[in-house]
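Chain residues, written in single-letter form:
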Amino acid sequence: MKKLQRFLFFALFVRAVVLLVLGLNIRHRDRLPQAGPAILVANHNSHLDTLVLISLFPLSLLPKIKPVAAMDYFLRNKYLAWFAEHIIGILPLARSGFVRGEDPFAEIKASLTAGDIIILFPEGTRGEPEQLDKFKSGVARIAESAPEIPVVPIYLHGLGKALPKGEALLVPFFCDVFIGEPVPWEGKRPQFVKELEARMQRLAKEGQFAAWE
């Protein structure tokens, strides 16, 4: 029943919002992985980010797509937790309160081993529209654990204006998605994060967008 509810939510509601309300221009769609395991890394300005990224894939892949989301935010009450876990399909990640010796990324690594497509927002939280923040090192730790798995950078433009942080009203706004080439793991975490940030900056410049007023 939960699988059917998730399918209907994305097939009927999310796709209608993305195609009819927002409008989406996707650059380099051919760079999207056709199957898992894979790691998608995107900038984060809006709750719409996750929905748009999932909508890029055929509905047949929906059970294999797992967005990573903050446990303290999405599991803060039982109603939001149910929706986040069973409809959106998140992998909850604790941002604090770690037990010594415990791997906070264990569930993510297990999901990759199972062949899933993981969505990560390495900035850690939603930022200001079209402003890139520094990436946290967790993405490098995950990539290091499975260096053969492609890490695909994706730059999202416009979603931070369509539904900004702290707002509940969706504003129709044409949005762009820039999909980059996979970033290879070359053995060192700081260099990997730096290269991932550089790739994201290049994707952001590709659209030659004017600064937001």
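Notes on the structure in this doc start here. Here the structure is a predicted model, which means the values were calculated and not measured.

This part takes up the packing of aromatic side chains. Applying the stated criterion across every chain yields a total of 5 aromatic pairs. Here Phe9 and Phe10 contribute two aromatic rings whose centre-to-centre distance is 5.3 Å and whose plane-to-plane angle is 90°, an arrangement assigned as edge-to-face. One aromatic cluster in this structure is built from Phe9, Phe10, Phe13 and Phe83.

The next point concerns a nonpolar patch on the surface. A surface patch of nonpolar side chains, about 530 Å² in accessible area, is lined by Met1, Leu4, Phe7, Leu8 and Leu12. Of note, Leu8 is situated in helix H1 (residues 2-22).

Now for the nonpolar core. Of all hydrophobic cores here, the largest spans 37 residues; its most connected members are Phe10, Leu22, Leu53, Phe57 and Ile154. At 6 residues, H1 tops the list of elements feeding residues into this core. Among all residues touching Leu22, those that are not within four sequence positions of it are Val17, Leu48, Val52, Leu159, Ala162, Leu170, Val171, Phe173, Phe174 and Cys175. Grouped together as the second largest cluster of nonpolar side chains are 28 residues, Leu91, Leu112, Val139 and Val183 included.

Next up on the list: the side chain of Asp176. Mapped onto the secondary structure, Asp176 falls in strand E7 (residues 175-179). By relative accessible area, which is 6% here, Asp176 ends up buried. A polar contact is formed between the side chain of Asp176 and the side chain of Arg27, at a distance of 3.3 Å. Sequence-distant contacts of Asp176, that is, excluding residues within four places in its chain, are made with Asn25, Arg27, Tyr155, Leu156, His157 and Phe209.

We now examine the environment of Phe209. With respect to the helices and strands, the residue Phe209 is situated in the segment after helix H8 (189-206). On a C-alpha basis, the gap between Phe209 and Ala70 in space is 30 Å, while along the polypeptide they are 139 residues apart. Discounting chain neighbours no more than four positions away, the residues touching Phe209 are Arg27, His157, Asp176, Phe178 and Ala204.

Of all 7 residues making up strand E6 (residues 151-157), 7 are buried, and the element is well covered by its neighbours. Examined bridge by bridge, strand E2 (residues 38-42) and E6 share 4 bridges and lie parallel to one another. In the sheet register, Leu40 faces E6, and the bridge partner there is Val152. Relative to E7, E6 is paired through 4 bridges, and the arrangement is antiparallel. The residue of E7 that forms the bridge with Ile154 is Ile179.

Here we take up the environment of Pro150. By the element assignment, Pro150 lies in the loop between helix H6 (138-145) and E6. Taking the C-alpha atoms as reference points, Pro150 and Pro92, 58 residues apart in sequence, are found 22 Å from one another. Setting aside residues up to four positions removed in sequence, Pro150 forms contacts with Pro37, Ala38, Ile39 and Pro182.

Calculation notes
Residue positions are counted from 1 within each chain, in the order its sequence is given. pLDDT decides what is reported in this predicted model: residues at 70 or higher carry local features, side-chain atom pairs at 80 or more are listed and counted, and totals for whole chains, interfaces and linings draw on all residues regardless. The basis for every side-chain value is the complete set of heavy atoms in the structure, and neither hydrogens nor water enter the calculation. Note on ring pairs: Phe, Tyr and Trp rings are taken, using the six-membered ring of Trp, and paired if centres are within 6.5 Å. Classes follow the plane angle, with under 30 degrees stacked, over 60 edge-to-face and the rest tilted. To count toward a patch, a residue needs a relative accessible area over 30% and no salt bridge; like charges are then connected within 9 Å, while nonpolar side chains (Val, Leu, Ile, Met, Phe, Trp, Tyr) are connected within 5 Å. Each accessible area is a Shrake-Rupley estimate made with a 1.4 Å probe; only the visible protein chains count as cover when residues are assessed. Salt bridge, as used here, is a side-chain nitrogen of Lys or Arg placed within 4 Å of a carboxyl oxygen of Asp or Glu. In DSSP terms, a helix is any run of H or I states spanning at least four residues, a strand is any run of E spanning at least two, and both are numbered starting from the N terminus. Take the buried Ala, Val, Leu, Ile, Met, Phe, Trp, Tyr and Cys residues and link them wherever side-chain atoms come within 4.5 Å; each set so joined is a nonpolar core. Here the term buried applies to any residue with accessible area under 20% of the maximum for its type, exposed to any over 50%, and partly exposed to those in between, with areas from a 1.4 Å probe on protein chains only. The contact rule is simple, with two residues in contact once any of their heavy atoms fall within 4.5 Å. Under the rule applied, a polar contact is a pair of N or O atoms within 3.5 Å (in protein, one hydrogen donor and one hydrogen acceptor; residues adjacent in sequence only if both atoms are side-chain atoms). The rule for pairing is simple: two strands pair if DSSP sees at least two bridges between them.

In short, geometric facts, not functional conclusions.
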